[in-house]
Amino acid sequence: MIDQLLKTPLTELVGIRHPVVQTGMGWVAGPRLVSGTANAGGLGILASATMTIEELEKAIVEVKGRTDNPFGVNLRADAGDAPDRCQLLIDHGVKVASFALAPKPELIAKLKEHDIVVIPSIGAAKHAKKVASWGADAVMIQGGEGGGHTGNVPTTLLLPTVLDAVEIPVIAAGGFFDGRGLAAALSYGAAGVGMGTRFLLTQESRVPDAVKQRYLEADLNGTVVTAKVDGMPHRMLRTPLVTSVEESSALKRLGPTARRTLGFKRMSGMSWRQLVQDGQAMKHGQDRTWAQMILAANTPMMLRAGLVEGDPTAGVLASGQVVGVIDDLPTCEELIDRVVTQAATSLRRTATYLL
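As a starting point, this report considers the structure included with it. (Residues numbered from 1 in each chain as written. Predicted model: local features only at pLDDT ≥ 70, side-chain atom pairs only at ≥ 80, totals over all residues. Heavy atoms only, no water.)

Moving on, we come to the overall build of the protein. Tallying secondary structure elements over the protein gives 16 helices and 11 strands in all. Counting over 355 residues, the protein shows a buried share of 54%. For the protein, contacts bridging at least 24 residues in sequence account for 60% of all contacts bridging at least 6. Of the roughly 15700 Å² of accessible surface on the protein, a fraction of 53% belongs to carbon and sulfur atoms. (Helix = DSSP H or I, 4+ residues; strand = E, 2+ residues; numbered from the N terminus. Buried < 20%, exposed > 50% of the residue type's maximum accessible area, 1.4 Å probe, protein only. Contact = heavy atoms within 4.5 Å. Areas by Shrake-Rupley, 256 points an atom, 1.4 Å probe, with all protein chains shown as cover.)

This paragraph deals with the packing of helix H2 (residues 31–39) against helix H3 (residues 53–66). Put simply, H2 and H3 touch, their axes get as near as 9 Å, and they point 35° apart. As for how H2 packs across H3, the hand of that crossing is right-handed. Judged by residue contacts, Pro31, Arg32, Val34, Ser35 and Asn39 of H2 engage Ala59, Glu62, Val63 and Arg66 from H3. (Axes fitted to C-alpha atoms, helices over the stretch in contact; angles between N-to-C directions. Left-handed = near helix turned anticlockwise from the far one by under 90°.)

A separate point is the sheet that holds strand E6 (residues 139–142). Strands sit in the order E1-E2-E3-E4-E5-E6-E8-E9 around a closed barrel of 8 strands; the barrel is parallel. On average, each strand axis in the sheet is inclined to that of its neighbour by 25°, with strand direction left out of account. Note: strand E1 (residues 20–22) against strand E2 (residues 43–47), 2 bridges, orientation parallel. By the bridge assignment for E2, Val21 is matched with Leu43. Lying over the sheet, H3 contacts E2 and strand E3 (71–75), oriented at roughly 165° with respect to E3. (Pairing = 2+ DSSP bridges.)

Let's shift gears to helix H8 (residues 179–188). All of the buried residues in H8 are Gly179, Gly181, Leu182, Ala183, Ala185 and Leu186. Buried-residue contacts for H8 involve E1, helix H7 (155–165), strand E8 (170–173), strand E9 (192–195) and helix H16 (332–351). Phi turns positive, to about 125°, at Gly189, one or two residues after H8.

Quick look at the sheet that holds strand E11 (residues 234–237) now. Strand order in this open sheet of 3 strands is E7-E11-E10, and the pairing throughout is antiparallel. Each having just a single partner strand, strand E7 (148–149) and strand E10 (223–226) make up the two edges of the open sheet. The pairing of E7 with E11 spans 2 bridges and is classified as antiparallel. Bridge pairing links His149 to His234 in E11.

Right, let's get into the pairing of strand E5 (residues 117–122). Burial within E5 is extensive, with 5 of its 6 residues counted as buried. Both strand E4 (residues 96–99) and E5 contribute to a ladder of 4 bridges, which runs parallel. Residue pairing in the sheet places Ser98 in a bridge with Ile119 of E5. This β-α-β element, E4 to helix H5 (residues 105–113) to E5, shows right-handed connectivity. (Right-handed = clockwise from strand over helix to strand, strands pointing away.)

A contiguous patch of negative charge on the surface is contributed by Glu54, Glu55, Glu57 and Asp91. Among the elements that take part in the negative patch, H3 stands out by supplying 3 residues, more than any other. Here Glu55 shows up in helix H3. The partly exposed category is assigned to Glu55, whose relative accessible area is 42%. (Patch = residues over 30% accessible without salt bridge, like charges linked within 9 Å, V, L, I, M, F, W, Y side chains within 5 Å. Salt bridge = Lys/Arg side-chain N within 4 Å of Asp/Glu carboxyl O. Lys, Arg positive; Asp, Glu negative; His and termini not counted. Charge placed at Lys NZ, Arg CZ, Asp CG, Glu CD.)

Along the chain, the position of Pro70 falls in the loop between H3 and E3. Taking the C-alpha atoms as reference, Pro70 lies 8.0 Å from Gly44; in sequence the two are 26 residues apart. Residues within four places of Pro70 in sequence aside, it is in contact with Val14, Gly15, Ile16, Ala38, Gly42, Leu43 and Lys95.

Attention shifts here to the nonpolar core. Among the nonpolar cores identified, the biggest contains 60 residues, and Val162, Phe199, Tyr215 and Leu307 are the most heavily contacted of them. When residues no more than four places from it in sequence are discounted, the contact partners of Phe199 are Val20, Val21, Gln22, Met25, Leu33, Thr37, Ser205, Cys332, Leu335 and Ile336. (Core = buried A, V, L, I, M, F, W, Y, C linked by side-chain atoms within 4.5 Å.)

This part covers the pattern of salt bridges. Evaluated as defined, the whole model comprises 7 salt bridges. Between Asp137 and Lys112 there is a salt bridge, with the nearest N and O atoms lying 2.7 Å from each other. Of this pair, Asp137 sits in the loop between helix H6 (125–133) and E6 while Lys112 sits in helix H5, placing them 25 residues apart in sequence. Asp137 gets classed as buried once you look at its relative accessible area, which sits at 17%.

This is how it looks when you write it as C-alpha cells:
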C-alpha cells in the first residue's frame, strides 16, 4: 500500500489518501468492494438503490466493520424514503452522501448539519451550478463514455464546461481506468476521478467470475447505448439479449416488462402506491414519459439477472467503453496503487515541459 502521492481538494474534503472514487454501481458496489476501496485509500461508494432500507443499514454496518476509513453511500434523491435513508447515514456517521440526481436543498442542509459531504452526480454545467448554489460540497460528472445511464457529451467536453461553471471540487467519471486518465483529469482541473467498470473488474467485486470474463473479452466496440431497455440511454455490453430487445417491438416487450415490474415490486417490498409515487417523482425530476417510467422498473431486475445471477441471456450488463482496454482483475489495493503511481509519474514527466 503506497503513501499519499497526490493532494487535491477531494482528498482534503473527504479525508482520503488518493483522489480515486469507486462509483456506486447497483448490484456491484457492496460492502466488500466499498471496504476494499476504502482500505486502499480511495473513496468507496455503497450502492443503495437496489437495497431495502433494512438491507442498507446492514450493509453500512458491515462496511464499518471492515474499515475505519471514510466511505460513502449512493442514494436516489427522488425515492420516497430518501429522508429515512439519509437519517441512516447520520445515525451511522457515514462520511459521504452521493446522489444520482440532485437532492432537495433541505436534504443537503440536513446532511451538512451533521458534517456529511454531499456529492450529487450531474450531467450538465447548469445542473452543477444549481446544486452548488444549494450547498453541495462537490459534484461528479460522467461523460458519454461511462456505463449505465449516460449522456452523449464526452468527458473531455463536459468536464471543462462544469469546471468553468462552479468553484466546488469536480470529480470526473466516464472513460477512466488508469493513471494517465487521472493525470489528465487533474490537469483539466478536476479534483479526482470516478471509475465504475474498472472497479467492477476487481477481485473484491461481487460480480460472478464467469460474467467478469465476459467483460474481459469485450473490445472497444463491445458496448452499445440503447433506450429500449428502460426508456433512457443506457450503455451496456452488446449481448444477444440486448440485440433482441433492440430489434423487438414495443408490443413484444410488454409481457416481459410487466413480469419484471412485478418482480421489482416484490424484491423492493414496495407497495403499488409507493411504486407509483416514486415513478411520479422520477417522471417529474427527469422529464420522462409514463411509458419510460414503466420501462424503468425493468432495470433493477435485468441488471440483477446479469450482474448477480450471472445470466446474460436474461439480464443486461452495464458497462463503460473502457471495458475494451481492461485485461486483468487486480485487487482494489493493486488497482489504486497502480493508478496513483502512474498518475504521479505522468504529472512529473509533463512538468518537465515547462520552461
